[in-house]
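Residue-level listing of the chains:
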Amino acid sequence: MTTIRLLLICVLLAASQLPAAAQSNLIQLTDMLKIQQPGSVDVSADGSKVVYTVTSIVPDEKNKWEYNYQTQIWLQQLDGKSQPRQLTTAKEGASSPSLSPDGQTLAFVRSVDMKPQIFLLSLSGGGEPVQLTRMTNGAGNPQWSPDGKRILFYSSYSPQDIVKDSLLNPGKKLPGWSLEKPGFDGNEQLLPSNASLNPDGSMAEVRAWLEQNEKDNKAKVVSKLNFQQESSTSSAISIAHAFVMDAIPGAVAQNISAGFMSVSNVQFIGNSGDVLLEAAFNSALHPDRVQQETAIYRKNAGSNNYQMLLGAADSGFGGSSVSPNGTWVAYNYGKTSFVSQRKLAIAKTGNLSQRITIPFDRNIGQMDWTADEQYLYFTSQSNGGVVLYRLHIASKKLEQLTSFNEGVGSFEEEAGKLVFVKTDISNPFELYQADATAKNQQRLTTFNHDWVSKKTLSIPEKRSFKNEKGLEVEYWVMKPANWEPGKKYPTILEIHGGPTAMWGPGENSMWHEFQYYCAKGYAVVYSNPRGSGGYGDAFMQANINDWGNGPMNDVLTALDKSAKEFSWMDTSKLAVTGGSYAGYLIGYMLGHDQRFKAACAQRGVYDLRTFFGEGNAWRLVPNYFGGYPWQKATYDVLERESPINYVQNVTTPLIIFHGENDLRTGVIQSEQFYKSLKVLGRTVEYVRHPGATHEITRSGNNRQRMDQMLRTWEFFERFIKH
């Protein structure tokens, strides 16, 4: 009750200091619930209309204070005058919109009996959506054939499913790779058994009884390497297969792929009937052993064989995009098992190895070809924004179409019209159209515009400095929303995760949090320290074997330079917060620096030796530190870089957050750090969110998202008096 009373006092005090009108104009915590997010843009071939998804947060009908995500599909005519129209309304929601080539029919995904299935909706004749697929394991990601007669989609299977399936596994063979079940030479345990269940019976009957226990969730028997998912452990292996069927309800789906190798990014190659797909380079490897060693294949119509077009050991080839007529393929490639960016290449479909590499020192996002195959559009995180680029195929000239101060989300170009989702300082998400060069932009929607335009926002100011390695580090300073000359203000240092994430005005996930803290009377400073994405390979690799000291110096230098330039910052009232890798860096920082009045470390890693076993992101250990904890050279580095080894130096009041089902970093990490601080008698509070995963602040339970942000502010207010 003490915490609740204190929180109410803080709220009342803060409210009493502002006029009512000023309070209503500031970003509130619950404004997070108003944010609607358009995405999955698909423009008709003639450029006359666009379909897209909108994800909203809606109150739970049965539980007060609970809020659910709901995604629906919208339609908009691109005549510059029409208003958006919602196409789907069912409570199950809808996703993955895909327009037929003639623009008259929409394919999309909706849940039926807890399984995703594909539906068709006529955009010309009206009527209700009609269910197309009835796949036992569900269906997703519909894609129309160029002639508009067929739809390609995916469905996933277990090895046990495939063993029994005569279409996916003619001859009912066993996998060529081992299930890695100890004591078995092959995979005979996958073979169906008619044995009765008897714990006192024969070996076959005992095994049948034990298998039933697994099916009934009485036991999890793990023999696979990647057994940690986001929220639970699992021994299941999922293999994705592609199917095609006529776009007519009642048609029979035919499998494109078969066997025990997952496929992805399957695309039609023009009107040939052939498809391009991506799969493991070595089909004899267990799926957990593949990592990013992927290859690009071609499968000819009527053939059961894959032709590898591009693949190599210790390399990954993927992200491919086939041009409309099937002439070109754009793809990325690079080495696996290291911190690096993949290179962008284009090649003729018939000979992918004769590639033209495009000089571009950034990671590639979504790609889209123009209908005439003259241009390739793509997005890339860069210098604080998600930037749209255009490559002219003939000249290889690359154009930057949008600025570093905004972020382009899902997009598509058709018939000279570019439609895209944009994030900028004044709006977290909105849909825009422009000409083919992204000029003459016109906002199409008001999903957030109307309510955000009434708010007082803080505008980030960009600065940079060169660190001791000669790398230019960019940072941003946001004033309190009601800043007044002559007053001093407390400041929050925000740190991003990853460590290869990137923040900036074009990054959407922090839009509300930054504005919320500014509305509460804090300045916000954030930066992209060494190791961040968006600045090229050398910058991203600058924290190899140096997760702690180097990045710490970068974020603290950004804070120091901000305070020096902006004299209204009160350096006696500093706080710091961040999650994931930032939780790690805050733990490390507090063991080396005592300037902060309060700190918040979210879902962090504090002991790199045990993190290797606790989290599903364990490959960060060999990738960044060159080995494993049992190797002495690596062990010594992990010791040096682990915050737990400096915990005795921590004196800053700290609140620690972790989702109870977070298996990306492992919840035991925060338990170790908290318990160590309690034994040392330090000022620390530990908050666990039941059921929450590592994604709690981005796509988690909305009540818990609000709880974490509000609880962080309330904790800071205990130690930082305005």
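Residues numbered from 1 in each chain as written. Predicted model: local features only at pLDDT ≥ 70, side-chain atom pairs only at ≥ 80, totals over all residues. Heavy atoms only, no water.

Looking now at the overall build of the protein. A tally of regular secondary structure across the protein gives 16 helices and 36 strands. Scaling as 2.2 N^0.38, a compact globule of 722 residues should have a C-alpha radius of gyration of about 27 Å, and the protein matches this with 27 Å. If one aligns the C-alpha atoms of the protein with their principal axes, the spans along those axes are about 75 × 70 × 55 Å. Put simply, of all contacts in the protein between residues at least 6 apart along the chain, 56% involve residues at least 24 apart. Surface accessibility of the protein: about 31,000 Å² in total, with carbon and sulfur atoms responsible for 49%. Positive and negative side-chain charges of the protein, numbering 70 and 70 respectively, have mean locations separated by a distance of 3 Å. (Helix = DSSP H or I, 4+ residues; strand = E, 2+ residues; numbered from the N terminus. Rg over C-alpha atoms; globule rule 2.2 N^0.38 Å. Contact = heavy atoms within 4.5 Å. Areas by Shrake-Rupley, 256 points an atom, 1.4 Å probe, with all protein chains shown as cover. Lys, Arg positive; Asp, Glu negative; His and termini not counted. Charge placed at Lys NZ, Arg CZ, Asp CG, Glu CD.)

Now for the nonpolar core. Ranked by size, the top nonpolar core spans 110 residues in total, and within it Leu493, Ile495, Phe596, Leu654 and Phe673 carry the most contacts. When residues in this core are grouped by element, the largest group, eight residues, is from helix α10 (residues 581–590). With residues up to four places along the chain from it excluded, the contact list for Leu654 reads Leu590, Ala599, Cys600, Ala601, Phe673, Leu677, Thr683, Val684, Glu685 and Phe715. By size, the runner-up hydrophobic cluster in this structure holds 23 residues, among which are Trp144, Trp177, Leu179 and Met245. (Core = buried A, V, L, I, M, F, W, Y, C linked by side-chain atoms within 4.5 Å. Buried < 20%, exposed > 50% of the residue type's maximum accessible area, 1.4 Å probe, protein only.)

Any pair of aromatic rings gets described here by the distance separating the centres and the angle formed by the planes. The full count for this structure, using the stated rule, is 37 aromatic pairs. When the centroid spacing of 6.2 Å and the interplanar angle of 55° are considered together, the rings of Tyr331 and Tyr333 count as tilted. Between Tyr606 and Phe673, the aromatic rings sit 4.6 Å apart at their centres with planes inclined by 15°, giving stacked as the arrangement. Of this pair, Tyr606 sits in the loop between β34 (598–602) and α11 (608–614) while Phe673 sits in helix α14 (residues 668–679), and the two are 67 residues apart along the sequence. Exposure class is identical for Tyr606 and Phe673. Each is buried. Put simply, the rings of Trp547, Tyr581, Tyr584, Tyr588, Tyr624, Phe625 and Tyr646 touch in pairs and so form one group of aromatic residues. (Phe/Tyr/Trp six-rings, centres within 6.5 Å; stacked < 30°, edge-to-face > 60°.)

For helix α7 (residues 511–519), the buried fraction is high: nine of the nine residues fall into the buried class. Directly after α7, the chain includes Gly521, whose backbone phi takes a positive value near 95°.

On to the sheet that holds strand β11 (residues 239–246), then. One open sheet holds the four strands; their spatial order is β9-β10-β11-β12, and the pairing between them is antiparallel. Edge positions in the sheet fall to β9 (140–144) and β12 (254–255), since each has one partner strand and no second. Two elements, β11 and β12, share two bridges in a ladder whose sense is antiparallel. Residue pairing across strands places Val244 opposite Gln254, the latter belonging to β12. (Pairing = 2+ DSSP bridges.)

With respect to the element layout, Tyr489 can be found in strand β31 (residues 489–495). Distance from Tyr489 to Trp568, taken between C-alpha atoms, is 6.2 Å for residues 79 residues apart in sequence. When neighbours within four sequence positions are excluded, Tyr489 is seen to be in contact with Pro480, Asn482, Trp483, Glu484, Gly521, Trp568, Met569 and Asp570. Within the local environment of Tyr489, its side chain forms a polar contact with the backbone nitrogen of Glu484, the two atoms lying 2.8 Å apart. (Polar contact = N/O pair within 3.5 Å; in protein donor to acceptor, adjacent residues only side chain to side chain.)

On to the packing of helix α9 (residues 549–565) against α10, then. Contact geometry for α9 and α10: axes closest at 10 Å, N-to-C directions at 90°. On the basis of the axis angle, α9 is roughly perpendicular to α10. The segment α9 lies against α10, with Asn549, Pro551, Met552, Val555 and Leu556 engaging Tyr581, Leu585, Tyr588 and Met589. Here the residues of the contact of α9 with α10 sort into eight nonpolar, one polar and no charged. (Axes fitted to C-alpha atoms, helices over the stretch in contact; angles between N-to-C directions. Parallel < 35°, antiparallel > 145°, perpendicular 65-115°, else oblique. Nonpolar A, V, L, I, M, F, W, Y, C, P; charged D, E, K, R; others polar.)

All told, the structure shown has one cavity of 30 Å³ or more when counted by the stated rule. Of the pockets and cavities examined, the largest cavity occupies roughly 110 Å³. Lining the largest cavity, in full, are Ile425, Pro460, Met478, Trp503, Gly504, Pro505, Glu507, Met510, Trp511, Phe514, Gln515 and Tyr526. Among the elements that line the lining of the largest cavity, the one with the most residues is α7, at three residues. Looking at side-chain class alone, the lining of the largest cavity contains nine nonpolar, two polar and one charged residues. (1 Å grid on protein atoms, 1.4 Å probe; cavity = no way out; pocket = protein on both sides within 12 Å on 5 of 7 lines; lining within 4 Å. Points joined across faces, edges and corners; volume = space filled by probe spheres on them.)

Take the packing of α7 against helix α16 (residues 702–719) next. Where α7 contacts α16, the two axes come as close as 12 Å, and the packing angle between them is 30°. Overall, the two elements α7 and α16 adopt an arrangement that is roughly parallel. Considering only the axes of α7 and α16, their crossing is right-handed. Across the interface between the two elements, His512, Glu513, Tyr516 and Tyr517 of α7 pack against Met709, Leu710, Thr712 and Trp713 of α16. When grouped by side-chain class, the residues that make up the contact of α7 with α16 number five nonpolar, two polar and one charged. (Left-handed = near helix turned anticlockwise from the far one by under 90°.)

On to the environment of Ala501. For Ala501, the location among the structural elements is in the loop between β31 and α7. A residue is classified by how much of its surface remains accessible, and Ala501, at 26% relative accessible area, is partly exposed. As a C-alpha pair, Ala501 and Lys561 span 60 residues in sequence and 22 Å in three-dimensional space. Setting aside chain neighbours within four positions, we find Ala501 in contact with His496, Ser532 and Gly533.

Everything listed here is a matter of geometry and, on its own, says nothing about what the molecule does.
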